[in-house]
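Chain and residue survey
One-letter residues, chain by chain:
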Amino acid sequence: MLSKNDSVNRIVECGVMAAARLPNAKMAVDTTLALLKGGVSVIEFSMTMPDALEAIRRVATEVGDKVLLGVGTVLDAETARAAILTGAQFIVSPTINHGVIEIAHRYGKPVIPGALTPNEILLAYEQGAAMVKVFPAGNLGPSYIRAVLAPLGHIPLLADGGVTLENAKEFILAGAVALGVGRHLVDYKAAEAGEYGKLTELARRFVAAVREARSQRALGQNNAAALT
């Protein structure tokens, strides 16, 4: 069983967390395997799915520890506990809910609450968030991440909501430690049509964007250090 820190490290290392909202649980395993093939090894199934817990159970059983499996859109402690007992290894919420955070801590799982304002982001982190999901990040853009990190640079931020291939690199350059990507990565229409190769290619492109941005950022930091 992964420790909380191990799970967080896997999210950061991958850099892309797939947020899946599939029409049914039958598509969960094939979707997960397609994303894995493209390099995305972190996926959360949203509780807005009609049978999200069954999707989690199937992936946990059939894919195992090849993927870091989570649950998203968790609004209460009862749902968080049910998902953890089913196999979820991390919890994602669109808001700050103390009960959800408490349950995640009780079971030793990382929790990623959603927040938007600097006050909310700090509150989520002080309540024990492993990282904070800035949501909806796409509405404000990468410059907002950069502005928030100026005074709150000690808080790891995950950009989520409106993240696309066009802006993924910019969010990482702005300082996000990882990206949460929904329909722009987990194309359920392609999955329904059995076009899983499309998901694999999208995964590869998102992972490549994150790696390129990280390399560019590291190069910029090294150049800045050389000038001091």
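Scroll up a little and you will see the structure.
Now for a quick tour of the structure. (Residues numbered from 1 in each chain as written. Predicted model: local features only at pLDDT ≥ 70, side-chain atom pairs only at ≥ 80, totals over all residues. Heavy atoms only, no water.)

Attention shifts here to the overall build of the protein chain. Counting its regular elements, the protein chain contains 11 helices and 9 strands. In terms of its C-alpha atoms, the protein chain occupies a principal-axis envelope of roughly 55 × 40 × 30 Å. Residues counted as buried form 50% of the 228 residues belonging to the protein chain. Put simply, 61% of the contacts in the protein chain that link residues at least 6 apart link residues at least 24 apart. Split by element, the accessible area of the protein chain, about 10,300 Å² in all, is 51% carbon and sulfur. Measuring between centres, the 22 positive side-chain charges of the protein chain sit 3 Å from its 21 negative side-chain charges. (Helix = DSSP H or I, 4+ residues; strand = E, 2+ residues; numbered from the N terminus. Buried < 20%, exposed > 50% of the residue type's maximum accessible area, 1.4 Å probe, protein only. Contact = heavy atoms within 4.5 Å. Areas by Shrake-Rupley, 256 points an atom, 1.4 Å probe, with all protein chains shown as cover. Lys, Arg positive; Asp, Glu negative; His and termini not counted. Charge placed at Lys NZ, Arg CZ, Asp CG, Glu CD.)

On to the sheet that holds strand S2 (residues 42-46). Taken in spatial order, the 9 strands line up as S5-S4-S3-S2-S1-S9-S8-S7-S6 in an open sheet, and their pairing is parallel. In this open sheet, the two edge strands, each paired with only one partner strand, are strand S5 (111-112) and strand S6 (114-115). Sheet topology note: the S6/strand S7 (residues 132-134) ladder contains 2 bridges and is parallel. Bridge pairing in S7 links Gly114 to Lys133. (Pairing = 2+ DSSP bridges.)

Under the definition given, this model contains 0 aromatic pairs. It is Lys133 that lies over the ring of Phe135; its NZ or CZ is 4.8 Å from the centre. (Phe/Tyr/Trp six-rings, centres within 6.5 Å; stacked < 30°, edge-to-face > 60°. Lys NZ or Arg CZ within 6 Å of the ring centre and 35° of its normal.)

Right, let's talk about the nonpolar core for a bit. Counting residues in each nonpolar core, the largest one holds 84 residues, and the members touching the most others are Phe45 and Leu185. By residue number, the principal contributor to this core is helix H11 (residues 196-227), which donates 9 residues. The contacts of Leu185, once residues within four sequence positions are left out, are Val16, Ala18, Leu35, Val40, Leu199, Leu202, Ala203 and Phe206. (Core = buried A, V, L, I, M, F, W, Y, C linked by side-chain atoms within 4.5 Å.)

Another aspect to go through is the pattern of salt bridges. Taken as a whole, this structure holds 5 salt bridges when the rule is applied. Measuring nitrogen to oxygen at the nearest pair gives 2.6 Å for the salt bridge that ties Glu54 to Arg57. Linking Glu54 with Arg57, this pair stays in helix H3 (residues 52-62), spanning 3 residues, or about one helical turn. The partner of Glu54 in a salt bridge is Arg58, and the shortest N-O contact between them spans 2.9 Å. Taken together, the residues span about one helical turn, with Glu54 and Arg58 both in helix H3 at a distance of 4 residues. The partly exposed category is assigned to Glu54, whose relative accessible area is 26%. Using a relative accessible area of 26% as the deciding quantity, one classes Arg58 as partly exposed. Connected through salt bridges with shared partners, the residues Glu54, Arg57 and Arg58 form a single ionic network. (Salt bridge = Lys/Arg side-chain N within 4 Å of Asp/Glu carboxyl O.)

Here Phe135 and Pro136 are connected by a cis peptide whose omega angle stands at 0 degrees. If you trace the backbone, Pro136 turns up in the loop between S7 and helix H7 (137-140). A positive phi angle is found at Thr73, which is not glycine, with a value near 55 degrees. If you trace the backbone, Thr73 turns up in the loop between strand S3 (68-72) and helix H4 (77-86).

Here the focus is the packing of H4 against helix H5 (residues 98-106). One way to put it is that H4 packs onto H5 with a least axis distance of 8 Å and a crossing angle of 30 degrees. With respect to each other, H4 and H5 are oriented roughly parallel. Between H4 and H5 lies a crossing of right-handed hand. Contact residues: H4 offers Ala77, Ala80, Arg81 and Ile84, while H5 offers Gly99, Val100, Ile103 and Ala104. Across the contact of H4 with H5, the residue classes break down as 6 nonpolar, 1 polar and 1 charged. (Axes fitted to C-alpha atoms, helices over the stretch in contact; angles between N-to-C directions. Parallel < 35°, antiparallel > 145°, perpendicular 65-115°, else oblique. Left-handed = near helix turned anticlockwise from the far one by under 90°. Nonpolar A, V, L, I, M, F, W, Y, C, P; charged D, E, K, R; others polar.)

The computed volume of the largest pocket comes to approximately 350 Å³. In terms of lining residues, the largest pocket is bounded by 19 residues, among which Ala19, Arg21, Asp160, Gly182 and Arg183 are the most central. For the lining of the largest pocket, the secondary structure elements donating two or more residues are strand S1 (16-20) and strand S9 (178-181). The residue makeup of the lining of the largest pocket, split by class, is 8 nonpolar, 6 polar and 5 charged. (1 Å grid on protein atoms, 1.4 Å probe; cavity = no way out; pocket = protein on both sides within 12 Å on 5 of 7 lines; lining within 4 Å. Points joined across faces, edges and corners; volume = space filled by probe spheres on them.)

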